Amino acid sequence: MLGIEYERSSLKQRVMEMTEEADVLMNWLRVHDRKSIISNVNEEVEEKFEAADEESGKILECLAAEEAIEDVVYALDKAMVEGVVSLGDYLKQVRSLSRDQFFYKAMLEQLRNSDILQT
């Protein structure tokens, strides 16, 4: 009975400590306004990677989309190996993503054949 009483009092003490830590964290978040900090960082990054002209923007978008699809397919591979995604769902998603990736690659090839990417 004494052991249980000691454990109860130590748990109460820990709850009090965690409540105080949570209050400190909440106050810090209010002061530093996490959303505005993230927004400012995102705007700075977008300004650094802004395309010079419309054609360059198309190229940048195609490359980004193609790489993003590659990342998603890799994540799906891992999810299927871990058993999170069934084989049928995996094949359905990869087929759809591959189709999209093909169109982005075709658009890049068209841009490459135009005057834009010729060296």
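Now for a description of the structure that goes with this document. The structure presented is a predicted model; accordingly, all values stated were derived computationally and were not measured.

## A closer look at the overall build of the protein chain
The number of helices and strands found in the protein chain is four helices and zero strands. The order of helices and strands in the protein chain, counted from the N terminus, is α-α-α-α. Of all 119 residues assigned to the protein chain, the portion counted as buried reaches 13%. As displayed, the protein chain offers around 10300 Å² of accessible surface, 57% of which is attributable to carbon and sulfur atoms.

## Focus: the side chain of glutamine 101
Tracing the backbone through its elements, the reader meets glutamine 101 in helix H4 (residues 87-113). Look at glutamine 101 and you get buried, because its relative accessible area is 12%. Here glutamine 101 is in contact with Glu66, Ile69 and Glu70, once residues within four sequence places are set aside.

## A closer look at the environment of serine 10
Mapping serine 10 onto the fold places it in helix H1 (residues 2-32). A polar contact of 2.8 Å, which involves the side chain of serine 10, links it to the backbone oxygen of glutamate 7.

## A short note on the pattern of salt bridges
This structure, assessed with the given rule, holds four salt bridges. Of the charged contacts, one joins glutamate 5 and arginine 8 as a salt bridge, the two residues approaching to 3.4 Å between their closest N and O atoms. A residue pair is termed a helical-turn pair when its members lie 3 or 4 positions apart in one helix, as glutamate 5 and arginine 8 do in helix H1 at three residues. By relative accessible area, which is 45% here, arginine 8 ends up partly exposed.

## Details of the nonpolar core
With eight residues, the main nonpolar core is built from Ile69, Val73, Leu76, Ala79, Val85, Tyr90, Val94 and Leu97. At the level of elements, helix H3 (54-81) and H4 are the ones that each hand at least two residues to this core. When residues in this core are grouped by element, the largest group, four residues, is from H3. Not counting the four nearest positions on each side in its chain, leucine 76 is found in contact with Val85, Tyr90, Gln93, Val94 and Leu97.

## Brief notes about the packing of aromatic side chains
Per the counting criterion, the structure on display carries one aromatic pair. Ring geometry for phenylalanine 102 versus phenylalanine 103: centroids 5.8 Å apart, planes at 70°, classification edge-to-face. Given a relative accessible area of 55%, phenylalanine 102 falls into the exposed group.

## With respect to H4
Taking 1.5 Å per residue, 27 residues should reach 39 Å; H4 reaches 38 Å between its end C-alpha atoms and fits that length. All buried positions along H4 are accounted for by Tyr90, Val94, Leu97, Gln101, Leu108 and Leu111. Against H3 lie the buried residues of H4.

## Section: H3
Along its 28 residues, H3 runs 41 Å from first to last C-alpha, staying within 8% of the 40 Å computed at 1.5 Å per residue. Considered for burial, the residues of H3 that qualify are Gly57, Ile59, Cys62, Ala65, Glu66, Ile69, Val73, Leu76 and Ala79. The elements touched by buried residues of H3 are H4. Glycine 83 sits one or two positions beyond H3 and adopts a positive phi of about 85°.

Basis of the calculations
- Along each chain, residues carry numbers from 1 onward, in the same order as the chain's sequence is written.
- In keeping with the predicted nature of the model, local features appear solely for residues at pLDDT of at least 70, side-chain atom pairs appear and are counted solely at 80 or more, and the whole-chain, interface and lining totals rest on all residues.
- Processing note: side-chain calculations cover all non-hydrogen atoms of the structure and skip hydrogens and water entirely.
- Starting at the N terminus, helices and strands are each numbered in turn, a helix being any DSSP run of H or I of at least four residues and a strand any DSSP run of E of at least two.
- We call a residue buried when its accessible area falls under 20% of the maximum for its residue type, exposed when it is over 50%, and partly exposed in between, using a 1.4 Å probe and counting protein chains only.
- Here the Shrake-Rupley method, with its probe set to 1.4 Å, supplies the accessible areas, and only the displayed protein chains count as covering residues.
- Pairs of residues are marked as contacts when any of their non-hydrogen atoms sit within 4.5 Å.
- Think of a polar contact as two N or O atoms within 3.5 Å of one another; within protein, one of them needs to be a possible hydrogen donor and the other a possible acceptor, and neighboring residues in sequence only count if both atoms come from side chains.
- Each salt bridge in this description consists of a side-chain nitrogen of Lys or Arg and a carboxyl oxygen of Asp or Glu lying within 4 Å of one another.
- Put simply, a nonpolar core is a bunch of buried Ala, Val, Leu, Ile, Met, Phe, Trp, Tyr and Cys residues held in one set by side-chain atoms that sit within 4.5 Å of each other.
- Stacked, tilted and edge-to-face are the three classes applied to pairs of Phe, Tyr and Trp rings, where Trp contributes its six-membered ring and a pair requires centres within 6.5 Å; stacked means planes under 30 degrees apart, edge-to-face means over 60, and tilted covers the rest.
- For a helix, the expected span equals 1.5 Å multiplied by the number of residues minus one.

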